[in-house]
Amino acid sequence: MSLNPKSIYIIAKKEFSDNARSRWIISLILIFLVLTIVSSIMAGSGKIGNMEDTVGALLSIASMLVPVISIMLGYATISGEVESGALSIVLASPIKRLEVLLGKLLGLGSVMCFSILVGFGVSGLIIAVTTGHAQWGSYLLFVLLTMLLGLLYLSLAICFSAILKRRVVSLAAGVMIFFMGMIVGMVFMGAYMATGGSLNDFGGGDTSSFPDWFWVEPFFGPQDGYGTAAMLAFGQTDVLGFEFVLPPWLNIFTITLAQLIWTAVPLALACILFLKRDI
Amino acid sequence: MKEWLRNYGWMKMSDSSVVVETRNLTKKFRDVLAVDDLTMKVRKGEIYGFLGPNGAGKSTTIKMIMGLVRPTSGHVLVNGKTTNDHDVEYRRDIGFLPERISFYDNLTPVQTLNFFCELRGADKSIVPSLIKDVGLENAANRKVGTFSKGMVQLVGVAQAMIGDPSIFILDEPTGGLDARWVKVVRDKLKALNEKGSTIMFSSHILSEVQMLCDRVAVIDNGAMVVEDTIENISEHLHIRPRLWIQSSDLKGNLPGWIRNLDGVEDASVKDDTMLITCDPSLKLSVLNAIQEKGLKVQDFKTIDPSLEEAFVKLLRNKEDY
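Residues numbered from 1 in each chain as written. Chains lettered and ligands numbered in written order. Predicted model: local features only at pLDDT ≥ 70, side-chain atom pairs only at ≥ 80, totals over all residues. Heavy atoms only, no water.

### Quick look at the overall build of chain A
And step 1. Scanning chain A from terminus to terminus reveals twelve helices and two strands.
And step 2. N-terminal to C-terminal, the α/β element order of chain A is α-α-α-α-α-α-α-α-α-α-α-β-β-α.
And step 3. In terms of overall dimensions, chain A is globule-like: its C-alpha atoms have a radius of gyration of 20 Å, near the 19 Å expected for 279 residues.
And step 4. Across its three principal directions, the C-alpha atoms of chain A cover 60 × 50 × 30 Å.
And step 5. In chain A, which comprises 279 residues, the share counted as buried stands at 52%. (Helix = DSSP H or I, 4+ residues; strand = E, 2+ residues; numbered from the N terminus. Rg over C-alpha atoms; globule rule 2.2 N^0.38 Å. Buried < 20%, exposed > 50% of the residue type's maximum accessible area, 1.4 Å probe, protein only.)

And the structure:
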């Protein structure tokens, strides 16, 4: 089946300009900007801190905020329009369903990526100028990883939106997947403890006794994967003063690969099921 | 039923004149049979009324024609070509108005129509004239979210005209409109048809269908009851023109001799008016005979067979076909 790039572009452009018109994009940029600067001041104990410390302080909140924003952007994009009826006229136009789906992903993905790039980019500049010191390579990697996290949850949200009949159900699914991402770490900890591990090992920072399977966790929890990869981007392996010894196969490359799979699988599922759906 | 259709109808027509066709179209939603082996043909240049009681399967059929709902079995042909998911070009030639119409609340009609022009690959410069056509020029820069249901419907009508399609498929095009706009839309449909467009529309306002349509299809429980011209259907159902006669002599009583007059098939009375069903060629002689009998006729008129009558009769007796 051949796709028409122009049709995809028309849908993407509409999604992007809708979000620009409703001032979503400018709000997101401001949120990311303020968040980064506040984190930076926190990390620099009152002054603008360096990039590494800023990202360290920013990660826990960004790993929640970015998925929430993606889910908000994407959860109703199809189910909501099916429910209201707006999508039936679009789909009765000479456009393929796949083009609509990809256009939506592209448009909303650009909203995410553009806001992240500008929001974090401008704050990066502020940090570099104020501190006179920059780790641009690592920081850029962090920005790219944040975009990937945004796309990952967007893909999940659009998938629910394409499959589920009603807007409220796709919202519920989005909330569910968000909390699943939040508890993956706890599940792994629970499993570790149940298999004879002790919380003291973790608290004491002695990670050498951790079994290999424990380190698979960042592949299963996209938010934790993002946090881990961002730390690794700065060559940081200590958390709260404890040095973590990670197995060699847990690195930025493998985590990125896992995140790409997390993005591609729901998208493929959405494509297949959306094509079969009655509108 | 099939024999009758063959005698009266569409099978005599050559297929090249058919622009929209369904063949044994069937849709099952879980255990509900929404559309049942529906075969119909809409001919080029006609106004085709698509009728049926609520829940008969009209909207589902229209959605299958537009590719929004997948048939469980059967085919849709547009301009002689079987439609499929991979070839969406056929939709460029169809102006479509869904039953439950909705646009993007945050856009103005101009922005909305611009978007659909882009989607259909049409020139955006026609948008102001489309808006004027449906009488929305005063609301052109308001958000559609603030519109009444009727105004949204008008945006829908404007949208359907984008790209000058030669076929229009409209699901309840005048639903939700007040009388003023009903006339605007009706006139628009007539004008489009006069310019050569084929129009298929569903409606539950039978007088409207009667006024506009060349042929109608009546479906019930997803299955075809009849597809023909209104005249043929009326004739087949023995729905005759009726004579409406007003006379102060009646006083609610029907004189016994009326039924014995030559050509009278049925008669009824209410207060000072009576309705007489008779052979159309004998209308005048019946009227004369009544006056000769001494009944003072103050007023009279002929009531043509109504589609409503046919519709009710059809749905009641459809086993007979």
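### What about a nonpolar patch on the surface?
And step 1. A contiguous nonpolar surface patch, about 690 Å² in accessible area, is contributed by Met64(A), Leu171(A), Val175(A), Phe179(A), Met182(A), Ile183(A), Met186(A) and Val187(A).
And step 2. Summarising the element assignment, Met64(A) is placed in helix H3 (residues 51-74). (Patch = residues over 30% accessible without salt bridge, like charges linked within 9 Å, V, L, I, M, F, W, Y side chains within 5 Å. Areas by Shrake-Rupley, 256 points an atom, 1.4 Å probe, with all protein chains shown as cover. Salt bridge = Lys/Arg side-chain N within 4 Å of Asp/Glu carboxyl O.)

### Considering the pattern of salt bridges
Pairing is possible between side chains that carry opposite charge, provided their charged atoms lie close to one another.
And step 1. A complete count under the given rule lists 19 salt bridges over all chains for this structure.
And step 2. For Arg21(A), the salt bridge identified is with Asp18(A), shortest N-O distance 3.2 Å. Taken together, the residues span about one helical turn, with Arg21(A) and Asp18(A) both in helix H1 (residues 5-21) at a distance of three residues.
And step 3. Its relative accessible area of 35% is what places Arg21(A) among the partly exposed residues.
And step 4. Among the residues examined, Asp18(A) registers a relative accessible area of 10% and is labelled buried.
And step 5. In this structure, Arg186(B) engages Glu208(B) in a salt bridge whose closest nitrogen and oxygen atoms are separated by 3.1 Å. One end of the pair, Arg186(B), is in helix H6 (residues 179-194); the other, Glu208(B), is in helix H7 (residues 206-212), with 22 residues separating them in the sequence.

### Some remarks on the pairing of strand S1 (residues 18-29) of chain B
Regular strands have side chains that alternate between both faces of the sheet.
Residue and element names in this part refer to chain B.
And step 1. Note that S1 and strand S2 (residues 32-43) share eight bridges and pair antiparallel. Looking at the pairing, lysine 27 lines up with valine 35 of S2.
And step 2. Counting the residues that bridge the hairpin from S1 to S2 gives two residues, and of these arginine 30 lies at a positive phi of roughly 50°.
And step 3. Of the pairings in the sheet, the one linking S1 to strand S4 (residues 73-78) comprises five bridges and is antiparallel in character. The partner of glutamate 21 across the bridge, within S4, is leucine 77. (Pairing = 2+ DSSP bridges.)

### Some words on the sheet that holds strand S9 (residues 215-220) of chain B
Residue and element names in this part refer to chain B.
And step 1. Overall, mixed pairing links the six strands, which are arranged S6-S7-S8-S3-S9-S10 in an open sheet. Of all the strands in the sheet, just strand S6 (94-97) and strand S10 (223-229) have a single pairing partner and so form its edges. Within this sheet the neighbouring strands show an average axis-to-axis angle of 15°, counted without direction.
And step 2. Here S6 pairs with strand S7 (residues 167-171) via four bridges, running parallel. (Axes fitted to C-alpha atoms, helices over the stretch in contact; angles between N-to-C directions.)

### What to know about the environment of Leu68(B)
And step 1. With respect to the helices and strands, Leu68(B) occurs in the loop between helix H2 (58-65) and S4.
And step 2. Once you skip the residues sitting within four places of it in the chain, Leu68(B) turns out to touch Ser88(A), Leu91(A), Ala92(A), Arg97(A), Arg277(A), Asp278(A), Ile279(A), Lys63(B) and Phe96(B). (Contact = heavy atoms within 4.5 Å.)

### Side note on the sheet that holds strand S5 (residues 81-82) of chain B
Residues and elements named next belong to chain B.
And step 1. Spatial strand order, S2-S1-S4-S5: four strands in an open sheet with antiparallel pairing. Of all the strands in the sheet, just S2 and S5 have a single pairing partner and so form its edges.
And step 2. Sheet strands touched by H2: S1, S2 and S4. Its angle to S1, the strand with the most contacts, is close to 120°.

### Quick word on helix H2 (residues 24-43) of chain A
At 3.6 residues per turn, the α-helix brings residues three or four places apart onto the same side.
All names here are of chain A.
And step 1. Relative to the 28 Å expected for 20 residues at 1.5 Å per residue, H2 spans 28 Å between its end C-alpha atoms, a close match to the ideal helical length.
And step 2. Residues of H2 that are buried include every one of Ile25, Leu28, Ile29, Phe32, Leu33, Leu35, Thr36, Ile37, Ser39 and Ser40, and no others.
And step 3. Those residues of H2 that are buried are in contact with H1, H3, helix H6 (97-131) and helix H7 (136-163).
And step 4. At the C-terminal side of H2, serine 45 shows a positive phi close to 40°. (Expected span 1.5 Å × (residues − 1).)

### Re the interface of chain B and chain A
And step 1. With 30 residues of chain B in contact, the opposing surface of chain A contributes 28 residues.
And step 2. Here chain B and chain A share an interface that buries about 2,600 Å² over both sides, 58% of which is from carbon and sulfur atoms.
And step 3. Inspection of the chain B/chain A interface yields two salt bridges.
And step 4. A salt bridge links Asp278(A) to Lys27(B); the shortest N-O distance between them is 2.8 Å.
And step 5. At the boundary of chain B and chain A, one finds 14 residue pairs in polar contact (both at pLDDT 80 or more).
And step 6. Of all elements in the fold, only S1 and helix H3 (109-120) of chain B reach the threshold of two or more residues within the side of chain B that touches chain A.
And step 7. Here the side of chain B that touches chain A takes six residues from H3(B), the largest share from any one element.
And step 8. Here the side of chain B that touches chain A is composed, by residue class, of 14 nonpolar, six polar and ten charged. (Buried area = accessible area lost by both parts, 1.4 Å probe. Polar contact = N/O pair within 3.5 Å; in protein donor to acceptor, adjacent residues only side chain to side chain. Nonpolar A, V, L, I, M, F, W, Y, C, P; charged D, E, K, R; others polar.)

### What to know about the packing of helix H11 (residues 222-233) of chain A against helix H12 (residues 252-276) of chain A
Residues and elements named next belong to chain A.
And step 1. For the pair H11 and H12, the least separation of the axes is 9 Å and the interaxial angle reads 150°. Between H11 and H12, the angle falls in the class roughly antiparallel. Two packed elements cross with a definite hand, and for H11 against H12 that hand is left-handed. Seen from H11, the contacting residues are Pro222, Gly225, Tyr226, Thr228, Ala229, Leu232 and Ala233; seen from H12, they are Ile252, Ile255, Gln259 and Trp262.
And step 2. The residue makeup of the contact of H11 with H12, split by class, is eight nonpolar, three polar and no charged. (Parallel < 35°, antiparallel > 145°, perpendicular 65-115°, else oblique. Left-handed = near helix turned anticlockwise from the far one by under 90°.)

### Side note on the confidence of the model for chain B
Caution applies to low-pLDDT regions: their predicted coordinates should not be interpreted in detail.
All names here are of chain B.
And step 1. With 93% of its residues at a pLDDT of 70 or more, chain B has an overall mean of 86.
And step 2. Low pLDDT, under 50, characterises residues 5-14; the stretch is placed with 15 contacts to residues that sit more than four places away or in other chains.
And step 3. Interface confidence for the predicted complex, given as ipTM, is 0.87, next to a pTM of 0.84. (pLDDT = per-residue confidence, 0-100.)

### Overview of the state of the cysteines
Residues and elements named next belong to chain A.
And step 1. Under the counting rule described, the total for this entry stands at zero disulfides over all chains.
And step 2. In this structure cysteine 271 is a free cysteine whose sulfur lies 9.1 Å from that of cysteine 159, the closest cysteine sulfur available.
And step 3. Residue classification places cysteine 271 among the buried positions, given a relative accessible area of 15%. (Disulfide = S-S within 2.5 Å.)

### Description of the nonpolar core
And step 1. Val90(A), Phe142(A), Ile169(B) and Met200(B) are the most contacted members of the largest nonpolar core, which totals 162 residues.
And step 2. For this core, the element with the most residues is H7(A), which contributes 15 residues.
And step 3. With residues up to four places along the chain from it excluded, the contact list for Met200(B) reads Met40(B), Val42(B), Tyr48(B), Phe50(B), Ile62(B), Ile65(B), Phe168(B), Ile169(B) and Leu170(B).
And step 4. With 16 residues, the next largest nonpolar core counts Leu243(B), Ile245(B), Ala267(B) and Ile290(B) among its residues. (Core = buried A, V, L, I, M, F, W, Y, C linked by side-chain atoms within 4.5 Å.)

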